[in-house]
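Descriptive structure summary
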Amino acid sequence: MSSDGTLRTIIETRKVDKRFGTFHALKDVSATFYEGQVTAIVGPSGSGKSTFLRTLNRLETHDSGEIVIDGIVLNDNLKNLDAIRREVGMVFQSFNLFSHLSILRNVALAPMRVRKMSREAAESKALNLLERVGLKNQAAKYPVQLSGGQQQRVAIARALAMDPKVLLFDEPTSALDPEMVNEVLAVMRELAYSGITMLVVTHEMGFAREVADRIIFFDEGVILEDTTPESFFSNPDHDRAKAFLSQVRHGF
Amino acid sequence: MNWTRQYPGWAMFAAMIGLLLFLWGMAVPLAAAPAPIGPAAEQFADGARITVGLTLIAGTAGVLIGVLAGLGKLSSFWPLRWLCDSYVWLIRGTPLLLQILFVWLAFPSIMPEGIELSDFACAAIALSLNIGAYNTECVRAGILAVPHGQVEAARALGLTPLQTFMDVVLPQSMRVALPALANNLASLVKDSSLAYAISVVELTMVGYRVQAESYQPIPVFITIAAIYLILTTAFTTLTAALEAQLDVGQKR
């Protein structure tokens with residue numbers, strides 16, 4: 001939120017459509033996201049929520065419609081794509097740390113290659129970020145030596161190293177053992193309060209309720225609900241959302 | 001070997017120094033041996049140096065060809081794919097001896113006037129093309145073994161396709177491809193003996209000449225075999241150490 005209280009648009013999607021063969025993954029999805037906002041994207045598996053997130057930095061290409069990120073249109077233009085990918089960080093379900101590089105190099109690689117920082121500057125920045133996620137003492141290790149929760153915190157540090165305007169989280173805790181979920185959520189909570197724009201695809205309803213400013217509920221490729229956490233969790237408009245909530249609550 | 005795993009740097013260093021000492025020092029002890037070995041000691045050493053020269057040149061060129069053609073086989077541009085497929089098909093489907101003879105006898109008539117290739121160069125070209133084709137398949141398998149998430153993570157961070165390949169895909173694929181590449185290199189040490197057919201005086205040719213003069217094939221061929229064994233041991237120690245070096249961050 002800017003100082004005068006108005007919201008600045010950072011991501012805008014208009015009628016974004018995507019098919020995988022005969023499967024209609026996204027059906028004319030339009031949504032606007034504002035700077036500093038934390039949005040939780042929830043919904044059943046196969047509802048299109050991850051696909052939607054992945055179209056935002058073109059890990060999936062959309063078939064039709066328009067995506068504008070920080071004023072740049074996302075299309076086949078490689079310059080635009082490079083510019084967008086510099087501003088949009090992503091954290092994956094399976095961490096995807098570079099397995100052949102040390103933790104420090106994992107975080108320092110993109111600033112060195114993309115921002116052309118010197119190795120010393122990139123590594124000192126990486127150390128600061130690792131300290132922020134509580135893993136400075138693991139800098140010399142390799143990803144395989146870390147627990148899942150630690151790897152995901154490194155992945156968050158790696159994304160932050162590019163100073164992104166937006167962070168996309170694609171089910172960041174779904175591949176973790178239950179006892180490691182909280183350490184990752186704690187880092188994400190701290191980030192959310194620091195004012196960075198976040199889009200989080202998640203099944204962690206407790207986290208969504210506590211941290212998100214906004215909940216988007218996907219079902220069968222459309223946004224069925226787009227509302228505040230309070231109204232979504234206490235009184236969803238659609239039966240599909242009610243059914244979904246009663247299903248996920250079963251797990252608690 | 002265990003110590004190559006524990007001290008890969010030292011093992012590589014030792015293998016290289018050992019190889020150099022052997023190539024330039026072996027004439028001294030061999031000269032002390034009784035006839036027919038002793039008088040021909042310098043010939044043995046010369047032959048071994050030619051064999052190692054062919055192996056190093058064709059081995060290096062073969063890796064470069066393997067990486068380029070391996071990438072070409074995975075290209076989305078079909079003429080390039082077709083070209084690389086045909087290359088591998090042609091080389092793997094014909095005898096190495098024929099390829100060596102072809103380069104030696106056919107190239108001079110194709111080459112522009114004024115360019116003359118030595119016998120050694122002809123052998124090096126044919127061996128490079130031959131091992132390159134086998135390496136192509138190893139490199140391709142290695143590239144395919146890199147999880148797609150690694151590429152997605154690199155692209156999402158803003159690395160260009162070339163940076164993604166050089167910094168992430170190539171090092172990781174080499175970890176997978178190296179044992180197979182090392183296998184090809186060990187074959188190459190011995191396959192280089194076929195260069196005798198175009199009158200390159202490499203190790204096997206030396207042996208053939210010495211036994212023809214002395215009528216004592218048994219000691220001569222045992223000496224040649226021992227020299228080959230020492231050479232292949234040096235090369236496999238080198239590649240095993242390189243493998244250990246690249247193996248960092250890997251699950252055991």
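So, here's what we can say about the structure. (Residues numbered from 1 in each chain as written. Chains lettered and ligands numbered in written order. Predicted model: local features only at pLDDT ≥ 70, side-chain atom pairs only at ≥ 80, totals over all residues. Heavy atoms only, no water.)

What to know about the packing of helix α10 (residues 203-214) of chain B against helix α11 (residues 217-246) of chain B
When two helices pack together, their arrangement is given by the angle between their axes and by how far apart the axes lie. Residues and elements named next belong to chain B. Quick note on the threshold: In this analysis an axis means a line fitted to C-alpha atoms, helices contributing only their contacting stretch, and an angle means the value between N-to-C directions, from 0 to 180 degrees. Helix numbering and strand numbering both begin at the N terminus, where a helix is a DSSP run of H or I of at least 4 residues and a strand a DSSP run of E of at least 2. What sets the label is the angle itself: under 35 degrees gives roughly parallel, over 145 gives roughly antiparallel, 65 to 115 gives roughly perpendicular, and the rest give oblique. If you view the pair so one helix is near and one far, a crossing is left-handed when the near helix is turned anticlockwise from the far one by less than a right angle, and right-handed when it is turned clockwise. Contacts are residue-level and defined by heavy atoms, with any inter-residue pair within 4.5 Å sufficient.
Running from N to C, α10 and α11 cross one another at 165°; their axes reach a closest spacing of 9 Å. As far as their axial angle goes, α11 and α10 are roughly antiparallel. Pair α10 / α11 crosses with right-handed handedness. Residues L203, T204, G207, Y208, V210, Q211 and S214 of α10 lie in contact with α11, whose contacting residues are P217, V220, F221, I224, I227, Y228 and L231.

Digging into the interface of chain A and chain B
Short version of the rule: Two parts lose some accessible area (1.4 Å probe) when they are put together, and adding that loss for both gives the buried area. Counted as salt bridges are all cases of a side-chain nitrogen of Lys or Arg within 4 Å of a carboxyl oxygen of Asp or Glu. Polar contacts here mean pairs of N or O atoms no more than 3.5 Å apart (in protein, one a potential hydrogen donor and the other a potential acceptor; neighbouring residues in sequence count only if both atoms are side-chain atoms). Throughout, the ten residues Ala, Val, Leu, Ile, Met, Phe, Trp, Tyr, Cys and Pro are labelled nonpolar, Asp, Glu, Lys and Arg are labelled charged, and all others, Gly among them, are labelled polar.
Counting residues at the interface gives 23 residues for chain A and 20 residues for chain B. Regarding the contact of chain A and chain B, the summed buried area is about 2000 Å², with carbon and sulfur atoms giving 58% of it. By the criterion of area lost to chain B, the three top residues of chain A are A:R85, A:F98 and A:H100, representing 29% of everything that side buries. Seen at the junction of chain A and chain B, the total is two salt bridges. For A:R54, the salt bridge is made with B:E152, and the minimal N-O distance between the two is 2.5 Å. At the boundary of chain A with chain B, the tally comes to eight residue pairs in polar contact (both at pLDDT 80 or more). Mapped onto the side of chain A that touches chain B, the elements with two or more residues apiece are α2 (78-87), β6 (88-91), α3 (103-113) and α5 (148-160) of chain A. At three residues, α3(A) tops the list of elements feeding residues into the side of chain A that touches chain B. Tallied by class, the residues present in the side of chain A that touches chain B amount to 14 nonpolar, four polar and five charged.

Any functional reading would require information beyond the geometric quantities listed.
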